[in-house]
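Spelled out from the first residue to the last, the chains are:
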Amino acid sequence: MTKAIEIKEVIKTYPDFKLGPFNLDLEPGKVLAYIGPNGAGKSTTMHCLTGLVEVDQGSMKIFGKENKPDRTDWKFDLGYVGDVHVFYEKWTAEENLKLLKKFYPNWSDSLVNNLADRFRLPLKKKAKDLSSGNRVKLSLILALAHSPKLLLLDEPTSGLDPVARKEVLDTLFEILEDGNRAILYSTHVLSDIERLADELAFLVDGQLIVRNEKDELTESWRRISFQFKGPLAGISSAVSYTADDVDHQIISRNYKDTMHHLQETGAQNIHKTRLSIDEIAVEIMKEKM
Amino acid sequence: MLLNLTDLSDESLQSQIIRQVRAKILAGNLESGISLPSIRGLAKDNRVSVITVQRAYESLMREGLIHSRRRKGFFVSEIKDTDKKELAKQKLLEELERPVRAGAAEGLSKQDILSVIKKILSED
């Protein structure tokens, strides 16, 4: 099966920052949450994928086609919502849409109208008069109107109120239904993508540190509390540890392993609870920062 | 198919899906031979990721409650009523084991525990 994204040994160097070398791929039909602190290289990855900046080394393919800036075929498969929304500010939303339409043979006016209705976006307003929420929505419509097979979303819901955020996420759930589309979704607000994402990739300092199925992570991480008198040696799979007298609490990356260890040690009153994806993400990134 | 899924639970979304679909099958709301929603359809309708539903369906297949037919999707399997009862009983046993043992550890007698179960049943 052709991969939606195939990144091989890519390096991009700036005077004060280096992304990679890294490999990343994404299958059609899947949503990959791209997670990392500010400055980790999430947006740089997006910029490289869209061809806005050229990589120093390595290759990037979108549905099997190399993203060479001098070619356009791969661009038809791509929809991008960046961290900055660039419009012709004096033009209306509608005029901005009409301009972009010329570049895409696959463009659908009915899809545009459908989304604009749904987002309650005032198409007759000039771009400069749109609220920040409506600017995000206009960007999304611009990115979706040609039904791209790959969506690159760079923190698309930042600046949106909760209702608008839900409208955007609902739309994403629907476009995924046909099974051929893929989404790379960068964010540091994990609760947004907690339900949507199939897989998570963590980027810290330009390096990909963890890539996992979401359900695998949520099934193996736990907070575990227990009581134990006396000194405790290292606990298997524990990533953080606090204690108050005989009460101990740890976060485990592999609770079965930890529970086994604790039972053998003779710990008492062992209790475990699940962690949110946000909590897991913090622990994973804290370790590498 | 609409399921009632919550993020405010100590049970994962995946096992909430497994439990609720299983309950529909064992209670006879989903009869054998009936087709189930596609993985993507169920994911969309309930706002969960595709892999979450995929893993839930895989688990239900291992239990023998559903099966897949190439290119046709997923179907509820033929389950004898006696087997259904056995499955439901097994499930109940698994779910009750922890609270019952906890109750016993806190000093409840066999009689006390049985009276609690009788109370639950008489409330329906």
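Residues numbered from 1 in each chain as written. Chains lettered and ligands numbered in written order. Predicted model: local features only at pLDDT ≥ 70, side-chain atom pairs only at ≥ 80, totals over all residues.

Participant: Would you mind going over the overall build of chain B with me for this structure?
Facilitator: Within chain B, the regular secondary structure consists of five helices and two strands. Secondary structure of chain B in N-to-C order comes out as α-α-α-β-β-α-α. Dimensions along the principal axes, computed over C-alpha positions, put chain B at roughly 55 × 35 × 25 Å. Relative to its full complement of 124 residues, chain B shows a buried share of 24%. (Helix = DSSP H or I, 4+ residues; strand = E, 2+ residues; numbered from the N terminus. Buried ≥ 20, exposed ≤ 12 C-beta atoms within 10 Å, placed from the backbone.)

Participant: Is there a simple way to think about helix H4 (residues 81-105) of chain B in this case?
Facilitator: For an α-helix, the turn length of 3.6 residues means that residues three or four places apart are oriented alike. All names here are of chain B. Spanning 25 residues, H4 covers 35 Å between terminal C-alpha atoms, matching the ideal 36 Å at 1.5 Å per step. At leucine 96, H4 is deflected by roughly 40°, the largest bend along its length, and proline proline 99 occurs up to four residues later in sequence. In terms of burial, H4 is a largely surface element, zero of the 25 residues being buried. Two residues or fewer after H4 comes glycine 107, characterised by a positive phi angle close to 100°. (Expected span 1.5 Å × (residues − 1). Bend = angle between axes of the 7 residues up to and from the residue.)

Participant: What's the story with the pairing of strand E9 (residues 199-204) of chain A in this structure? I'm lost.
Facilitator: Regular strands show a simple pattern: their side chains alternate between the two faces of the sheet. Residue and element names in this part refer to chain A. For E9, a buried count of six out of six residues is recorded, marking the element as mostly surrounded by other parts of the structure. Here E9 shows a buried face lined by Glu199, Ala201 and Leu203 and a second buried face lined by Leu200, Phe202 and Val204. Pairing of strand E3 (residues 31-35) with E9 involves four bridges; the strand directions are parallel. Residue pairing for E9: leucine 32 is matched across the bridge by glutamate 199. Bridging between E9 and strand E10 (residues 207-213) involves six bridges; their strand directions are antiparallel. Considered in E10, the bridge of alanine 201 is made with arginine 211. The loop that links E9 with its antiparallel partner E10 comprises two residues; one of these, aspartate 205, has a positive phi angle of about 50°. (Pairing = 2+ DSSP bridges.)

Participant: Where do I start with the packing of helix H2 (residues 39-46) of chain B against helix H3 (residues 50-62) of chain B in this structure?
Facilitator: Helices that pack against each other are described as a pair by the angle of their axes relative to one another and the distance between those axes. Residue and element names in this part refer to chain B. Running from N to C, H2 and H3 cross one another at 125°; their axes reach a closest spacing of 8 Å. What the angle tells us is that H2 and H3 run oblique. Relative to H3, the crossing made by H2 is right-handed. Residues Ile39, Arg40, Leu42 and Ala43 of H2 touch H3, and the partners they reach there are Val50, Val53, Gln54 and Tyr57. Across the contact of H2 with H3, the residue classes break down as six nonpolar, one polar and one charged. (Axes fitted to C-alpha atoms, helices over the stretch in contact; angles between N-to-C directions. Parallel < 35°, antiparallel > 145°, perpendicular 65-115°, else oblique. Left-handed = near helix turned anticlockwise from the far one by under 90°. Contact = placed C-beta atoms within 7 Å. Nonpolar A, V, L, I, M, F, W, Y, C, P; charged D, E, K, R; others polar.)

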